[in-house]
Amino acid sequence: MRACCSVYWRKIRPHSSQCRVNLTLLTQALTTHAWRKNRSNYIVLAITSCATGGALLLSNSATPSNWSDALDVNDDDETLSRRFDGIGRFYAGIEDDWIIYSSVLWSNVLKAWFKVYLYEIINFNVKRIFDWLFPWEQSKSDDPWILLELTKSSNFWIRQMGVASLANKTDWDSYKYRVVAQACNHRTIAALARYPQANDLYFLPPPKVVPSKKKIVEDLQYQVSKLPLPPSLNSKIYYYRHAALDSAVKYQTDPIGMDTLSQFYSTPGEDEKKENKTLHLCFQALLCYTEINTYARIFVKNHGLSVLLRLLEDQTEEPIIYCIAGILCNLSKDPSLLHEIVSTGWIKILKQWSHSNDTALSVLALTILANLDQDWLSRDVYQDILLLHPTQRNSQQVHVDVVFVHGLRGGAVKTWRQRDKAPGKNSTDISACWPKDWLAKDCPNTRILSIGYHSALFRWGDHCPYEQERRTLESRGKDFLDKLMKAGVGSRPVIWIGHSMGGLLIKQILDLGEKDCKYSQLVSQTKGVLFYSVPHKGSALVDVMMYAKYLLFPSVEVQEMITSSEKLHCLHNRFLNLVADKKIPCLSFGENIKTPVGPHLPDIWMVPPESSNPGVGQFLCLPANHINTCKPCDEDDIIYQRSRQFLRDIIRRIKR
């Protein structure tokens with residue numbers, strides 16, 4: 001028969017995942033009487049020794065007790081027969097302790113080792129169970145490896161406990177932060193970036209960019225050229241792609257392209273202007289491409305993130321940074337691109353941007369990090385929507401959403417800035433975004449969002465001539481309905497706040513949502529609407545512009561706000577019916593000061609009170625012009641006081 005005569009376990013801890021077994025099978029047929037007689041005992045001992053992590057050795061009383069004298073796989077048949085003849089005792093144990101065991105009967109050794117390992121196994125299991133039931137005890141550890149194990153747990157709450165513990169380690173030695181930075185997964189890195197107190201050493205810097213012989217503009221043009229042609233030629237993607245790659249475009253300095261001599265000569269500084277124009281067109285093309293996930297993945301696959309890194313090193317102008325951040329915001333919507341974004345070092349850059357004094361850049365960076373952090377309670381995705389509050393993980397529970405919508409030629413941040421420096425206050429006290437700075441602390445348990453979109457007064461200029469139909473209120477409303485649903489708007493009570501055209505867009509969103517059952521929850525969750533100088537019945541400025549429409553070429557947005565618009569009239573009537581049916585409270589502000597429109601031009605009423613008064617809810621006429629009706633001077637301004645009280649009353653009713 002074949003028998004196992006030598007077993008050696010490399011590791012002592014049986015539960016270790018790194019244990020290896022070196023099992024030597026001796027194929028010598030053992031026919032001695034002693035082997036046959038004690039065969040069952042030998043088999044039990046071999047299995048026990050292997051299971052407990054010991055080493056099974058064979059010897060007899062005449063054999064020196066040394067590892068070198070144990071059975072060897074190189075022994076020939078004659079040597080094996082001689083060793084097994086007259087075996088009287090069988091010894092088991094670990095190699096280093098072989099001298100001790102050589103004088104003890106194998107049965108006593110077996111009993112002793114069984115008791116020892118049984119005790120260790122019991123203690124091990126109890127510890128594992130304790131750690132599983134009470135992971136917060138492990139989260140108090142200063143060992144980075146223990147905390148890293150928590151972040152890899154399959155249990156959601158244990159993972160968050162591990163991430164929070166790492167974020168709160170502010171007094172570690174630098175090597176511990178580097179260990180975590182190199183060993184943790186990308187999901188954990190994205191989560192740590194959303195803790196303001198997380199040490200910067202957690203985030204690895206971008207890798208060194210390989211120098212390129214080409215200009216950065218040429219690299220961007222190459223990236224655009226590697227992206228496939230869009231299916232529709234009459235699209236903004238095709239327009240900006242063609243403009244970015246066509247060398248003749250950069251020589252056009254007049255709207256109708258009559259300056260043909262510029263191709264043959266250039267004035268001082270003209271080459272730089274042409275290069276900046278091409279750079280702008282490349283950015284617009286990439287922004288349009290990366291809005292679609294399929295094209296975004298191709299851009300990343302073509303090492304587009306590395307090109308952006310090189311561009312960021314070469315040029316630090318504010319418009320360039322905003323364009324790069326816009327592309328990153330589009331890429332952050334796709335969870336499959338998290339690995340590439342983290343591995344190229346963009347998390348560290350985004351973390352630095354989040355602490356910027358530029359509020360718009362800071363909010364945009366925090367929104368990108370929120371998109372990347374999909375292992376959290378909120379897995380909302382923000383596209384063309386900025387997350388103003390809460391921007392960190394360690395925030396209060398959210399009960400209400402407050403959505404801000406800016407007006408014509410406004411911005412998601414700049415529209416909601418403080419008006420002017422108040423007397424007796426330093427410039428550092430000026431708020432660049434009062435909903436973020438003031439409303440967040442005065443109305444806790446709220447999530448504050450701000451919708452951003454591009455709008456213009458005129459159609460001439462560098463604006464894309466295609467897809468004008470997508471700039472109408474109805475098209476924008478449909479587009480933002482999907483984006484709001486992805487951002488989680490409608491899952492809790494919503495309060496809408498709009499300025500000028502933004503108020504019309506809010507009414508359009510609610511109107512479309514009521515018609516489509518897919519968005520019915522968003523409408524049913526609407527608990528309040530606040531308007532700042534919204535032209536419910538049109539704008540007087542638009543009427544003036546329409547007299548010279550063949551000279552000024554007013555944009556689609558402007559043409560829709562004419563006072564005689566039948567669409568505005570019908571939209572407002574449906575809104576009044578909705579408010580009456582759902583019993584939605586409304587507060588409206590109007591202007592009673594004319595707005596300056598330019599030098600050598602008279603001031604005019606942008607939105608007269610008869611247009612800004614919706615005819616429902618409370619209406620207050622402010623001593624401010626059209627632009628300043630949504631910009632309070634300070635926290636004591638009547639604009640902010642009445643707005644805050646309106647929100648507080650609604651939130652109080654919701655919490656009941």
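In this text, all values refer to a predicted model and were calculated from it rather than measured experimentally.

In terms of regular secondary structure, the chain is built from 29 helices and 11 strands. By residue count, 49% of the 656 residues in the chain fall in the buried class. The contacts in the chain between residues at least 6 apart in sequence include a share of 73% that link residues at least 24 apart. Accessible surface, the chain: about 33100 Å² in total, of which carbon and sulfur atoms supply 53%.

Moving on: the sheet that holds strand S9 (residues 526-532). Pairing within the open sheet is mixed, and its 7 strands lie in the order S5-S7-S6-S8-S9-S10-S11. Among the strands making up the open sheet, the edge pair consists of strand S5 (385-389) and strand S11 (618-622). Going from strand to strand, the sheet's axes swing by 20° on average, the running direction of each strand aside. Here S9 runs beside strand S10 (residues 586-591); their pairing, made up of 4 bridges, is parallel. If you follow Phe 531 over to S10, its bridge partner there is Ser 588.

This paragraph deals with the packing of aromatic side chains. Following the criterion strictly, the structure yields 15 aromatic pairs and no others. A centroid spacing of 5.1 Å and a plane angle of 80° characterise the contact between Tyr 177 and Tyr 202, whose relative ring orientation is edge-to-face. Remark: Tyr 202 occurs in the loop between helix H10 (186-192) and helix H11 (216-226) and Tyr 177 occurs in helix H9 (residues 174-183); sequence separation between them is 25 residues. Here the two residues Tyr 177 and Tyr 202 agree in accessibility, since each one is buried. In this structure an aromatic cluster arises from ring pairing among Phe 404, Trp 416, Trp 434, Trp 438, Tyr 532, Phe 589 and Tyr 640. Taking the ring centre of Tyr 222 as reference, the NZ or CZ of Lys 214 above it sits at 5.0 Å. It is Lys 483 that lies over the ring of Phe 480; its NZ or CZ is 5.4 Å from the centre.

Considering the arrangement of structural elements, one finds Ala 540 in helix H24 (residues 540-546). Taking C-alpha positions, Ala 540 is 7.0 Å from Thr 563, a pair spaced 23 residues apart along the chain. The contacts of Ala 540, once residues within four sequence positions are left out, are Thr 563, Trp 605 and Met 606.

Turning our eyes to something else, we now look at the nonpolar core. One finds Phe 283, Ile 324, Leu 331, Trp 346 and Trp 353 to be the most contacted residues of the largest nonpolar core, which totals 106 residues. In this structure Phe 283 touches Leu 220, Leu 308, Leu 311, Ile 320, Cys 323, Ile 324 and Ile 327, once residues within four positions along its chain are discounted. Residues Leu 481, Val 494, Leu 522 and Leu 578 belong to the second largest nonpolar core, which totals 42 residues.

Further remarks concern the packing of helix H16 (residues 318-331) against helix H19 (residues 359-372). Their axes nearest at 10 Å, the elements H16 and H19 cross at an angle of 20°. Considered as vectors, H16 and H19 are oriented roughly parallel to each other. For the pair H16 and H19, the sense of crossing is left-handed. Within the contact between the two elements, H16 uses Ile 321, Tyr 322, Ala 325, Gly 326, Leu 328 and Cys 329 and H19 uses Ala 360, Leu 361, Leu 364, Ile 368 and Asn 371. Split into classes, the residues belonging to the contact of H16 with H19 amount to 9 nonpolar, 2 polar and no charged.

Here is the key point about a regular strand: its side chains alternate between the two faces of the sheet. Of all 7 residues that make up S9, 6 are buried, and the element is covered over most of its length. Sheet analysis places strand S8 (residues 494-499) next to S9, joined by 6 bridges and oriented parallel. Paired with Val 494 across the two strands is Thr 526, which belongs to S9.

What follows covers the side chain of Asp 634. If you trace the backbone, Asp 634 turns up in the loop between S11 and helix H29 (638-655). On the basis of relative accessible area, Asp 634 is assigned to the buried category, the value being 17%. Here Asp 636 takes part through its backbone nitrogen, which lies 2.9 Å from a polar atom of the side chain of Asp 634. There is a polar contact of 3.0 Å between the side chain of Asp 634 and the backbone nitrogen of Asp 637.

With 73% of its residues at a pLDDT of 70 or more, the chain shows a mean pLDDT of 80. Confidence drops under a pLDDT of 50 for residues 83-104, and excluding neighbours within four residues, the segment shows 69 contacts in the predicted structure.

With that settled, the discussion passes to the packing of helix H18 (residues 346-354) against H19. Angle between the axes and distance between the axes: these two values describe a pair of packed helices. At a minimum axis distance of 7 Å, the contact between H18 and H19 shows a crossing angle of 140°. Considering the angle they form, H18 stands oblique to H19. Relative to H19, H18 is oriented so that their crossing is left-handed. Seen from H18, the contacting residues are Ile 347, Leu 350, Trp 353 and Ser 354; seen from H19, they are Leu 361, Ser 362, Ala 365, Leu 366, Ile 368, Leu 369 and Leu 372. When its residues are assigned to classes, the contact of H18 with H19 shows 9 nonpolar, 2 polar and no charged.

This part takes up the environment of Ala 167. Of note, Ala 167 is situated in helix H8 (residues 156-167). The contact partners of Ala 167, leaving out residues within four places of it in the chain, are Leu 192, Tyr 195, Gln 197, Ala 198 and Tyr 202.

We now examine helix H7 (residues 144-151). Looking only at H7, the buried set comprises Pro 144, Leu 147, Leu 148, Leu 150 and Thr 151. One side of H7 holds all its buried residues, which, seen down the axis, span an arc of 155°. A side-chain oxygen of the first residue of H7 lies 3.1 Å from the backbone nitrogen of Trp 145; this N-cap is Asp 143.

The next thing to look at is the side chain of Arg 159. Inspection of the secondary structure puts Arg 159 in helix H8. We classify Arg 159 as buried; its relative accessible area is 10%. Within the structure, the side chain of Arg 159 is placed 3.3 Å from the backbone oxygen of Ser 154, a separation counted as a polar contact. Not counting residues up to four positions away in its chain, the partners in contact with Arg 159 are Leu 150, Thr 151, Ser 153, Ser 154, Arg 187 and Asp 375.

Conventions and cut-offs
Residues numbered from 1 in each chain as written. Predicted model: local features only at pLDDT ≥ 70, side-chain atom pairs only at ≥ 80, totals over all residues. Heavy atoms only, no water. Helix = DSSP H or I, 4+ residues; strand = E, 2+ residues; numbered from the N terminus. Buried < 20%, exposed > 50% of the residue type's maximum accessible area, 1.4 Å probe, protein only. Contact = heavy atoms within 4.5 Å. Areas by Shrake-Rupley, 256 points an atom, 1.4 Å probe, with all protein chains shown as cover. Pairing = 2+ DSSP bridges. Axes fitted to C-alpha atoms, helices over the stretch in contact; angles between N-to-C directions. Phe/Tyr/Trp six-rings, centres within 6.5 Å; stacked < 30°, edge-to-face > 60°. Lys NZ or Arg CZ within 6 Å of the ring centre and 35° of its normal. Core = buried A, V, L, I, M, F, W, Y, C linked by side-chain atoms within 4.5 Å. Parallel < 35°, antiparallel > 145°, perpendicular 65-115°, else oblique. Left-handed = near helix turned anticlockwise from the far one by under 90°. Nonpolar A, V, L, I, M, F, W, Y, C, P; charged D, E, K, R; others polar. Polar contact = N/O pair within 3.5 Å; in protein donor to acceptor, adjacent residues only side chain to side chain. pLDDT = per-residue confidence, 0-100. Arc of directions from axis to C-beta.

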